[in-house]
Structures are given as C-alpha cells and as structure tokens.
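Chains, contacts and geometry: an overview
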Amino acid sequence: MGKRMDEAIKRYREIQEKNLLGGGIKHIERQHGRGKLTARERIDILADPGSFKELGSFVGTTSRRIDGRIPEAPCDGAVVGTARVNGRLVMIHASDFTVLGGSIGAQHIIKFAKPLEMAAQWGIPMVNLLDSSGGRLGYEDVAMAGFDWYFRLESLYSGVIPQITVLMGPCIAGGAYLPTLCDFLFMSRISGYMWLGGPRQTQAATSEKIDRSIGGADYHMQFSGSCDVVGDNDEETIKKCRQLMGYLPQNFKEPPPPWENTDDPQREVGVLADIVPDEYDQAYDMHDVIEQLVDNGEYFEIKDEYAKNLITCFARFSGQVVGIVAGNPKYPGSILEINSCDKYYRFLQVLDAYNIPLINLVDTPAVVPGESQEAVGLIRHMGKIVDVYASTTVPKISIVLREAYADAGSMIMGGLKSMGADLTYAWPIARFGVEASGLDYCKIYGQGIEKDAYPSYLNRSREKVDVYDAAHSWTAQVVDEIILPADTRKKIIEALELTRNKREKLPPRAKGHSTPPV
C-alpha cells in the first residue's frame, strides 16, 4: 500500500471517528441531561443489530453565517442510511440535535429529501427520527430551508411507501407539517413537542401565554388527534415504531408481511357471550372482545387516547395482518362524532393504500344530533366516511355484535352490504334500526306534528329489526349469515381466506382521487 493510500485511509478514519461524536462530548452530555438519546443511539434501537449502512457520512455543512464563518458540522446534522427492521429493509433519517441543534441547512435538506426519493424508487419504508430546531436561522441558506421541497415529496409518495416520523424534539412553525404529512406520527412524552406557533412565537404575535405542554405528546394524542402513538421516552417510542412496522408492507404493491401463526385458527371464543351483555343498554369494553379474537391476544392500537369511543388497531388472524375498526360502548356508548370520524377516515385510508383488510366490529348506535356537533360539520365528517368506505377496495368484513343503527352503525360500519361490505355476519342478539331511542314521539310531540300521520308512522324510526327478520329476506342485503359468538374468530379467518384474491377496480378518473367532503 502506497503513502497516498495510507494518508487517504487515515483521513477516512479520522472523519468517521469525528462523525460518531456528532457535535462533541459536551453536546452529547447535554442531550442526555435532557433525557434524550443521540441520533446514532436512536438508530441502534430502531435497526436490527449491525444492519445500519450509512449514506452521505462525509457530507459537511456549506452553511455560511451572516458574519461569513462556516461552522464545523459533522454530517451537517443528519445521519442517513439503510437498515433492516424485523429483517426488512428501511431507509432512516435521524436529525442530530448535538450538531447546530439539528437545524436544517442546504446539505441537511438534501440528506433529508433525496433518501425519501430513493426509498420510494426502491420500494422501502421511510422512517424519520426527528429532533430538529427547524430552519437554520442566522445563516445564508434559503428562508424555507428546503422544507417546501420535502413537503411536496411527502405528498407525492403518500400511499406509495410507508412514511413514519418519530418525534423526539421540538417541531415548530412550517416544520410541523412534516410529521403530520406522514402515515404515522410517534411522539416521545419526555421530548416531543409540535406547534405551528410555539410559546414564544405565540406570545410575540398575540400576547397570549401558552404552556409548553400545549404541543406535547399527550396534548396531540388526546386533543388535536395529530399523534398516533405516544411513548414514555425515546427508547420506548422507537421500540413501538419497530412494533408497528411488523404490520406494514414495504410498499403499496406488496401485501403486509405474513407472520408465523401460533394460535389455532379453529379456536372457539365462547367467553365472548359473557363479555358482551345481552342487555342492549349495558356497557362493556370492546378491547376485551378484540383480545379474545385476534392471534395470541396481541394488537397494536392507533390513537388509543383520542376519540376513545372508536377503536382503530392492527392485529393478525391466522398470521394475516388486518385493520380493526370497532365501536367501544364504554366511551360513551360507541357513538360516532367528528373526532371519531376523522380517526376512522384516516385509518381506512392507510388500510386501503397498503392492502390491509378491514374488520368492523359493530355495536354502534346512531349519531347524536345537536347544535354543538352540527356547528362543527358533523354532516361532512360523516360524509367523508361514506366516501372512503364506499371507495375502499380491500376486503371488508363486518361482525354485528348487538346493535347497528342508522348511518353510523348500519352504513359506515359495514352493516349494510350495498355500501360495499364483502361479508357481514351478525350474532343472534343483533338488531338493526334507524335510531337507538326508545321514546314514543306521539307522547312527546303529540299528534299535531303531522295531522294525518298515524302513530305507527311517527314511531317508525325507533323500531328495531331483529337479526332473524333481517336475515329472512336475502334481498334486504343486510346479513350474509347469523353466527354464534363462539365461532366469531373462525368466521373472520374463513372470510379472510375467501376474500384473499379480491380484485376491485374503481371507475376510471382523469385524476387518481375523488372529491370527498373534507
């Protein structure tokens, strides 16, 4: 080996050693003091051991301060590369807060955007481990720091490959669009914050003082609904991301990964008859039903603290990945309102994009009318569920446990076959109706509501149709078969097998989308 090669290799190793320290020991200790991990520590948790292969490790900053100086910034604050998660390839971007606060300059944004393009071309998921102070202010970089370019790429490749952000630092102003444009947003309770206007910006603009907790993980989980999963700290949040990825395909062309089945597909679940009361006004927790039905009682819930009257989760039946949407009578009565509509709509979009069958567990009354919900657009929120359910082409299987009322329980939860449900099963105690109310309208409003109306007409909406009456007439297109509660798991697995090769094409459009209510 010649002298020139020796010197080149020596330089190579010096740069690599410097990169491993990011912004230096002092900044690493400060990061740890805040309860946060470094970019490379986070990658080690996400990736299978020894699988991370870095790209662009010799990139440095070209950001010039206003005073003309160029700071030292290993990797320009972005660690990027490919890795394996659960044995499958992914692309990873991790912002390094120890280097200029993880701020995004000219080179950083290229290391941010180009990997997304490559991931889409190669058909592998993109995971952002985000901990950035935003655009690199005080430098001669473009004002938007290239965010606009990245936003467009996120939108173009939405539904093409899974895009996931794990937020473990601040995310302010325009940069807050980045995690919300992804398929899933994970937030660390100890370190993740997201605002369009942070506390200081809000006070400067409006004089309003807001607490830092407004913008935290729990806030965006419980109130805004922007967050999908919360972890107590960086490590737990990243491990939850690993868990979710086991339910997602590599790209839109592939099915979700099969899983070795260790749960008997013929297992009966007779305990369901004890979990679900046969008195319609008694509440129960639908989580208990799901735990009994799915493989080994394991499922991964999305937005578990948001709109708790509706459950959205991933699970497996005989090793096959499904998405479950279920009303939860525990919170409160599994009634659909605007927040649960948003939650349902978003989840169903993801299922359809990535070829994941939908299982509806139905015990859902009608929506509750009233000024508070009408004023914030209940009709259009319900309308967009109708739109997405009708146009979703993945297998759609519904189980009516007790009640399916009106457009909420019967129509958008798959209780009516004409909306596009492939198979609808119902328990022997199931019943259908226009509304859940048992009130006698004649007594409340009197006969004068319509002078020529018969009492039977006035009370028609509150009538309940027994499942046997619904099933008696096949042309009613409500129920394909009445099943015993103990056979529910077996019937779902059977339905998934029957619909495995389902192929449905939507009417051709000049554009690839409809114009649903928003």
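That block above? That's the structure.
Residues numbered from 1 in each chain as written. Predicted model: local features only at pLDDT ≥ 70, side-chain atom pairs only at ≥ 80, totals over all residues. Heavy atoms only, no water.

With that out of the way, let us pick up the pattern of salt bridges. Within the structure shown, the criterion is met by 25 salt bridges. Here Lys240 makes a salt bridge to Glu236, at a shortest N to O gap of 3.8 Å. Of this pair, Lys240 and Glu236 both sit in helix α9 (residues 234-245), four residues apart, which is roughly one turn of that helix. Classification of Glu236 by relative accessible area gives partly exposed; the value is 29%. (Salt bridge = Lys/Arg side-chain N within 4 Å of Asp/Glu carboxyl O. Helix = DSSP H or I, 4+ residues; strand = E, 2+ residues; numbered from the N terminus. Buried < 20%, exposed > 50% of the residue type's maximum accessible area, 1.4 Å probe, protein only.)

The next thing to look at is unusual backbone geometry. If you check the backbone angles, Asp76 has positive phi at about 50° while not being a glycine. In this fold, Asp76 is placed in the loop between β1 (53-55) and β2 (78-85). The phi torsion at Asn355 lies on the positive side, around 60°, for a residue other than glycine. Position of Asn355 among the secondary structure elements: in the loop between α12 (338-353) and β13 (358-364).

The description of two helices packed together rests on the angle between their axes and the distance between the axes. Two elements in contact, α12 and helix α14 (residues 378-391), have axes separated by 9 Å at closest approach and are oriented at 20°. Judged on the interaxial angle alone, α14 and α12 are roughly parallel. Crossing geometry of α12 relative to α14 is assigned as left-handed. Contact with α12, carried on its side by Ile338, Cys341, Asp342, Tyr344, Tyr345, Leu348, Gln349 and Asp352, involves Leu378, His381, Met382, Lys384, Ile385, Val388, Tyr389 and Ser391 of α14 and no other residues of that element. In terms of residue class, the contact of α12 with α14 is made up of 10 nonpolar, three polar and three charged. (Axes fitted to C-alpha atoms, helices over the stretch in contact; angles between N-to-C directions. Parallel < 35°, antiparallel > 145°, perpendicular 65-115°, else oblique. Left-handed = near helix turned anticlockwise from the far one by under 90°. Contact = heavy atoms within 4.5 Å. Nonpolar A, V, L, I, M, F, W, Y, C, P; charged D, E, K, R; others polar.)

Next up on the list: the sheet that holds strand β5 (residues 163-167). The strands that make up a sheet are held in pairs by hydrogen bonds between backbone atoms, and each pair lies either parallel or antiparallel. Taken in spatial order, the seven strands of this open sheet run β1-β2-β3-β4-β5-β7-β9, and their pairing is mixed. Whereas interior strands pair on both sides, the edge strands pair on one side only; in this sheet they are β1 and β9 (229-231). The average angle at which neighbouring strand axes cross in this sheet is 20°, direction not considered. In this sheet, β9 lies alongside strand β7 (residues 184-188) in parallel orientation, the contact comprising three bridges. Following the sheet pairing, Met187 is matched in β9 by Val230. Its contacts with the sheet place α9 against β2, β3 (88-95), β4 (126-130), β5, β7 and β9, and it is angled at close to 160° to β7. (Pairing = 2+ DSSP bridges.)

Attention shifts here to the packing of aromatic side chains. Enumeration according to the criterion identifies 10 aromatic pairs in this entry. Measuring from centroid to centroid gives 6.1 Å for Phe184 and Phe314, while their planes differ by 65°, and the two rings are edge-to-face. Highlighted residues: Phe184 in strand β7 and Phe314 in strand β11 (residues 310-317), separated in sequence by 130 residues. The exposure class assigned to Phe184 is buried, which follows from its relative accessible area of 3%. Judged by its relative accessible area of 0%, Phe314 falls in the buried class. Taking 6.3 Å as the distance between ring centres and 40° as the angle between the ring planes, the aromatic pair formed by Tyr247 and Phe300 counts as tilted. In this pair, Tyr247 sits in the loop between α9 and α10 (272-275) while Phe300 sits in strand β10 (residues 299-302), placing the two residues 53 residues apart along the sequence. With respect to burial, Tyr247 and Phe300 carry one shared label: buried. Ring pairing ties together the aromatic residues Phe184, Phe186, Tyr247, Phe300, Phe314 and Phe347, which thus form one cluster. We note Lys384 situated over the ring of Tyr345; from NZ or CZ to the ring centre the distance is 5.3 Å. Its guanidinium or amino end placed over the ring of Tyr280, Arg431 lies 3.7 Å from that ring's centre, counting from NZ or CZ. (Phe/Tyr/Trp six-rings, centres within 6.5 Å; stacked < 30°, edge-to-face > 60°. Lys NZ or Arg CZ within 6 Å of the ring centre and 35° of its normal.)

None of this, on its own, says anything about what the molecule does.
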